[in-house]
Protein chains: 2
Amino acid sequence: MKKAVVLLSGGLDSATVVAIAQGQGFEIFALTVDYGQRHRVELEAAARVAAVNNVKTHQVIHIPLTDFGGSALTSEIAVPKDRDEAKMNSEIPITYVPARNTIFLSFALGFAEVIGANDIFVGVNAVDYSGYPDCRPEFIAAFENMANLATKAAVEGARLTIHAPLMSLTKTEIIREGLRLGVDYGMTHSCYDPSDSGQACGRCDSCLIRQRAFESLGQLDPAL
Amino acid sequence: MKKAVVLLSGGLDSATVVAIAQGQGFEIFALTVDYGQRHRVELEAAARVAAVNNVKTHQVIHIPLTDFGGSALTSEIAVPKDRDEAKMNSEIPITYVPARNTIFLSFALGFAEVIGANDIFVGVNAVDYSGYPDCRPEFIAAFENMANLATKAAVEGARLTIHAPLMSLTKTEIIREGLRLGVDYGMTHSCYDPSDSGQACGRCDSCLIRQRAFESLGQLDPAL
């Protein structure tokens, strides 16, 4: 079996990506980054998703992005609530974490080289998203190009591929595909600002985008 | 003053880069990565170099690359000794750390965005080096290209520059430039495999390259 590193946050998107990568016949080495995120409960969701999918390994790496701050997810800045769609589509919110996907993919690149994997899967999406620049196809393409100059594996002829299978899907399409593959979305967690007991707020961008998509499928979001 | 993030390892190269960036009028925000490296003593050297240069801030970030392993610098694998120049020039040694510079530059990118810097300095060098792929000019150019698609700052019109002022210098030329700028190389540490007391081994690639350069200038390496 071909090995793949899958960046697994514990959210709806990355849970779908695990199922897609498995459907393509990859052996999954899940990598979760504990970056000090406000929504710690997503780390527990990642562990559940890894376990139920029988991944080959699930590695959690700890990096203190809270030392830098600069985001509502890594500091005391408040998470915005109840933003309307027009606002979501026109400005990058304060939940943006500087260089987050660059940092995550860099760790995935190092991990992939150590285990001998040529494939990295990431659940970024440029349709129903918060406008984060590091979720765009041009960013992923540029990262892949850089990665193929960065490693000993590349010098020795390996070709690394960054798979972003959700890139051009709407959230509704992502969920429909996940349900087809048997993903249990009740195990996932997407809220940026959960209560102490882990309950989703239902009002941050991440909750709103997710809820609307389940509604469009005539379903209730099982994580609410 | 323009702000610059300088990746500061505590070695000869990065100490020279601090002096060069200061000479170009930048205000220095030094960033040192504690990645669990075998040569812990270089972290103390980084603190000395930061202090003597009066940098604006010196941030140390801790990331556990030892969780991945795969290198003599992050695991129990032995550091090669007494390699001859032909061998140094023909193979990438086991001291290579998978994706290290990609990871370091990614953190520098996030840090630069948080503090509002558009310039990152890194002491990579593709002449007298160990053949690491992530020290080559094509890698740095590809990283810069990716970085300019990755951030909110870039979307808003900022242009990030990765400065690698040592890229095409020999080690002798680097030291000559550093001495001209007043760098005290006795404060730096380059050895991959120091004794418990922090004494350089004098036989790893890093020691050998450095020693030869000081010799070519008719000097003794002050770190030995």
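Everything that follows concerns the structure shown earlier in this document.
Just so we're clear, the structure is a prediction, and the values are computed from it rather than from any experiment.

Often, the extent of an interface is quoted as the loss of accessible area upon association of its parts. Counting from both sides, the interface comprises 36 residues of chain B and, opposite them, 36 residues of chain A. When residues of the side of chain B that touches chain A are traced back to their parent elements, those giving at least two are strand S3 (57–62), helix H4 (100–115), helix H5 (137–150) and helix H6 (152–155) of chain B. Here the side of chain B that touches chain A gets nine residues from one element, more than from any other, and that element is H4(B). Across the side of chain B that touches chain A, the residue classes tally to 22 nonpolar, nine polar and five charged.

To continue, consider the environment of Met187(B). Residues and elements named next belong to chain B. Relative to the elements of secondary structure, Met187 occurs in the loop between helix H7 (171–180) and helix H8 (205–216). In this structure the C-alpha to C-alpha distance between Met187 and Cys207, which are 20 residues apart in sequence, comes to 15 Å. Discounting residues that sit within four places of it in the chain, Met187 has contacts with Ala15, Ala45, Arg48, Val49 and Val52.

With an RMSD of 0.0 Å, the operation that places chain B on chain A is a rotation of 180° combined with a shift of 0.0 Å along the axis. What the rotation and shift describe, once combined, is the action of a two-fold rotation axis. For chain B, the minimum C-alpha distance to the rotation axis belongs to Ile63(B) and amounts to 2.8 Å.

This next bit is on the nonpolar core. In terms of nonpolar packing, the biggest core is built from 142 residues, with Val6(A), Ala108(A), Ile120(A), Val6(B), Ala108(B) and Ile120(B) touching the most fellow members. If near-sequence neighbours (up to four positions away) are discounted, Ile120(B) is found in contact with Ala4(B), Val5(B), Leu105(B), Ala108(B), Leu109(B), Ala112(B), Leu160(B), Ile162(B) and His163(B).

Turning next to the sheet that holds S3(B). Residues and elements named next belong to chain B. Strand order in the open sheet made by the five strands is S3-S2-S1-S4-S5, with parallel pairing throughout. The open sheet terminates on both sides in strands that have one partner only, identified here as S3 and strand S5 (161–163). Looking at each pair of strands side by side, their axes are set apart by 25° on average, direction ignored. Both strand S1 (residues 2–7) and strand S4 (residues 119–121) contribute to a ladder of three bridges, which runs parallel. Across the sheet, the residue bridging to Ala4 is Asp119, located in S4. Here helix H2 (residues 41–52) sits on the sheet and contacts strand S2 (26–34) and S3; the angle it forms with S2, its principal contact strand, is near 170°.

So, about the packing of H7(B) against H8(B). Residue and element names in this part refer to chain B. Where H7 contacts H8, the axes come no closer than 8 Å and their chain directions differ by 65°. Relative to H8, H7 is oriented so that their crossing is right-handed. The residues of H8 that touch H7, namely those facing Lys171, Thr172 and Ile175, are Ile209, Arg210, Ala213, Phe214 and Ser216. Along the lines of polarity and charge, the residues of the contact of H7 with H8 split into four nonpolar, two polar and two charged.

As a further point, take H4(B). Residue and element names in this part refer to chain B. Helix length check: H4 (16 residues) gives 23 Å between terminal C-alpha atoms against 22 Å at 1.5 Å per residue, within 8%. Extensive coverage of H4 is indicated by the burial of 15 of its 16 residues. In the segment just after H4, Gly116 is the residue with positive phi, at about 80°.

The next subject is the sheet that holds strand S4 (residues 119–121) of chain A. Residue and element names in this part refer to chain A. The five strands lie next to each other as S3-S2-S1-S4-S5, forming an open sheet whose pairing is parallel. A single partner strand is all that each edge strand has here, and the edge strands are strand S3 (57–62) and strand S5 (161–163). Neighbouring strand axes in the sheet, compared pairwise and without regard to direction, differ in orientation by 25° on average. Pairing analysis gives six bridges linking strand S2 (residues 26–34) to S3, with the strands arranged parallel.

What follows covers the packing of helix H5 (residues 137–150) of chain A against H5(B). In the contact formed by H5(A) and H5(B), the axes pass within 9 Å of each other and the chain directions differ by 160°. It follows from the interaxial angle that H5(A) and H5(B) lie roughly antiparallel. When you trace H5(A) past H5(B), the crossing you get is left-handed. Counting all contacts with H5(A), which are made through Glu138(A), Phe139(A), Ala142(A), Phe143(A), Asn145(A), Met146(A), Leu149(A) and Ala150(A), the residues of H5(B) involved are Glu138(B), Phe139(B), Ala142(B), Phe143(B), Asn145(B), Met146(B), Leu149(B) and Ala150(B). Taken together, the residues of the contact of H5(A) with H5(B) sort by class into twelve nonpolar, two polar and two charged.

Glancing now at helix H7 (residues 171–180) of chain A. Residues and elements named next belong to chain A. Within H7 the residues assigned to the buried category are Lys171, Ile174, Ile175 and Gly178. Axial view of H7: buried residues confined to an arc of 95°, hence all on one face. The elements touched by buried residues of H7 are helix H1 (12–23) and helix H8 (205–216). Where H7 terminates, the next one or two residues include Gly182, which has phi positive at roughly 90°.

On to unusual backbone geometry. All names here are of chain B. The backbone phi angle of Asn54 is positive, close to 55°, even though this residue is not glycine. By the element assignment, Asn54 lies in the loop between H2 and S3. Look at Asn54 and you get exposed, because 8 C-beta atoms sit within 10 Å. The phi dihedral of Ala99 falls on the positive side, at around 60°, and the residue is not glycine. Assignment of secondary structure puts Ala99 in the loop between helix H3 (85–90) and H4.

Each value, and the rule that gives it
Residues numbered from 1 in each chain as written. Chains lettered and ligands numbered in written order. Predicted model: local features only at pLDDT ≥ 70, side-chain atom pairs only at ≥ 80, totals over all residues. Contact = placed C-beta atoms within 7 Å. Helix = DSSP H or I, 4+ residues; strand = E, 2+ residues; numbered from the N terminus. Nonpolar A, V, L, I, M, F, W, Y, C, P; charged D, E, K, R; others polar. Least-squares fit on C-alpha atoms with pLDDT ≥ 70 in both. Core = buried A, V, L, I, M, F, W, Y, C linked by C-beta atoms within 7 Å. Buried ≥ 20, exposed ≤ 12 C-beta atoms within 10 Å, placed from the backbone. Pairing = 2+ DSSP bridges. Axes fitted to C-alpha atoms, helices over the stretch in contact; angles between N-to-C directions. Left-handed = near helix turned anticlockwise from the far one by under 90°. Expected span 1.5 Å × (residues − 1). Parallel < 35°, antiparallel > 145°, perpendicular 65-115°, else oblique. Arc of directions from axis to C-beta.

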